Amino acid sequence: RTGMLEEQEVLLERMYEEKIVSNAVAYNKLLNAYANQKNEIKAKKVVKMMKSHGIKFDQFTWNSLLSLYVRNENSVEAHRLIEEMKSKNIQFDSS
């Protein structure tokens, strides 16, 4: 499964390089998959890609990141993200 996710990363990079427009949904699917694997390194790579590709975070992006930090018991990042979400009026996913 990890190989498939890495192929998705390459595909998103290639699409960006070829100026094929994508949206947050494609990146969020990849981000959520890494969050489910508790893979902070890969998830942060997706976040970096989103920022460099000009993809705006949506509620799903924020909540996937929060879920990752909670699953990994990374309270520092979880609290930082919660404060950032509050400042931007982002709703928390209660599930």
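The sections below set out a description of the structure shown in this document. (Residues numbered from 1 in each chain as written. Predicted model: local features only at pLDDT ≥ 70, side-chain atom pairs only at ≥ 80, totals over all residues. Heavy atoms only, no water.)

### What about the packing of helix α3 (residues 40-52) against helix α4 (residues 59-71)?
Two packed helices can be described by the angle between their axes and the distance between those axes. Interhelical geometry of α3 versus α4 gives an angle of 160 degrees and a closest axis separation of 11 Å. Between α3 and α4, the angle falls in the class roughly antiparallel. Pair α3 / α4 crosses with left-handed handedness. Between α3 and α4, the residues in contact are Glu40, Ala43, Lys44, Val47 and Met50 and Thr61, Leu65, Leu68 and Tyr69, respectively. (Axes fitted to C-alpha atoms, helices over the stretch in contact; angles between N-to-C directions. Helix = DSSP H or I, 4+ residues; strand = E, 2+ residues; numbered from the N terminus. Parallel < 35°, antiparallel > 145°, perpendicular 65-115°, else oblique. Left-handed = near helix turned anticlockwise from the far one by under 90°. Contact = heavy atoms within 4.5 Å.)

### Quick notes on the packing of aromatic side chains
In this description, an aromatic ring pair is defined by two values, namely the gap between the centres and the angle between the planes. Applying the stated rule across the entire model yields one aromatic pair. With 5.3 Å between their ring centres and 65 degrees between their planes, Phe57 and Trp62 make a pair best called edge-to-face. A residue is classified by how much of its surface remains accessible, and Trp62, at 6% relative accessible area, is buried. (Phe/Tyr/Trp six-rings, centres within 6.5 Å; stacked < 30°, edge-to-face > 60°. Buried < 20%, exposed > 50% of the residue type's maximum accessible area, 1.4 Å probe, protein only.)

### Details of the nonpolar core
Counting 24 residues, the largest nonpolar core has Tyr27, Val46 and Leu81 as the members making the most contacts within it. For this core, the leading source of residues is helix α2 (residues 24-36), giving seven residues. (Core = buried A, V, L, I, M, F, W, Y, C linked by side-chain atoms within 4.5 Å.)

### What about the packing of α4 against helix α5 (residues 75-87)?
Running from N to C, α4 and α5 point in directions that differ by 155 degrees, and their axes come no closer than 9 Å. With respect to each other, α4 and α5 are oriented roughly antiparallel. You can see that α4 and α5 cross each other, and the crossing is left-handed. Contacts from Trp62, Asn63, Leu65, Leu66 and Tyr69 of α4 reach α5 at Glu77, Ala78, Arg80, Leu81, Ile82, Glu84 and Met85.

### With respect to the pattern of salt bridges
Under the counting rule described, the total for this entry stands at five salt bridges. We note a salt bridge from Lys88 to Glu84, for which the minimum N-O separation is 3.7 Å. Take Lys88: its relative accessible area is 44%, and that puts it in the partly exposed class. What makes Glu84 partly exposed here is its relative accessible area of 26%. Beyond isolated ion pairs, a larger network of salt bridges with shared partners links Glu77, Arg80, Glu84 and Lys88. (Salt bridge = Lys/Arg side-chain N within 4 Å of Asp/Glu carboxyl O.)

### As for α4
Compared with an ideal rise of 1.5 Å per residue, which puts 13 residues at 18 Å, α4 spans 18 Å between its outermost C-alpha atoms and is within 8% of the ideal. Lining the buried residues of α4 we find α2, α3 and α5. N-cap assignment for α4: the residue whose side-chain oxygen lies 3.1 Å from the backbone N of Phe60 is Asp58. (Expected span 1.5 Å × (residues − 1). Polar contact = N/O pair within 3.5 Å; in protein donor to acceptor, adjacent residues only side chain to side chain.)

### Here's the deal with the side chain of Asn63
By the secondary structure assignment, Asn63 is in helix α4. Setting aside anything within four residues of it in sequence, one finds Asn63 in contact with Met85, Gln91, Phe92 and Asp93.

Geometric descriptors of this kind do not, in isolation, establish any biological role.
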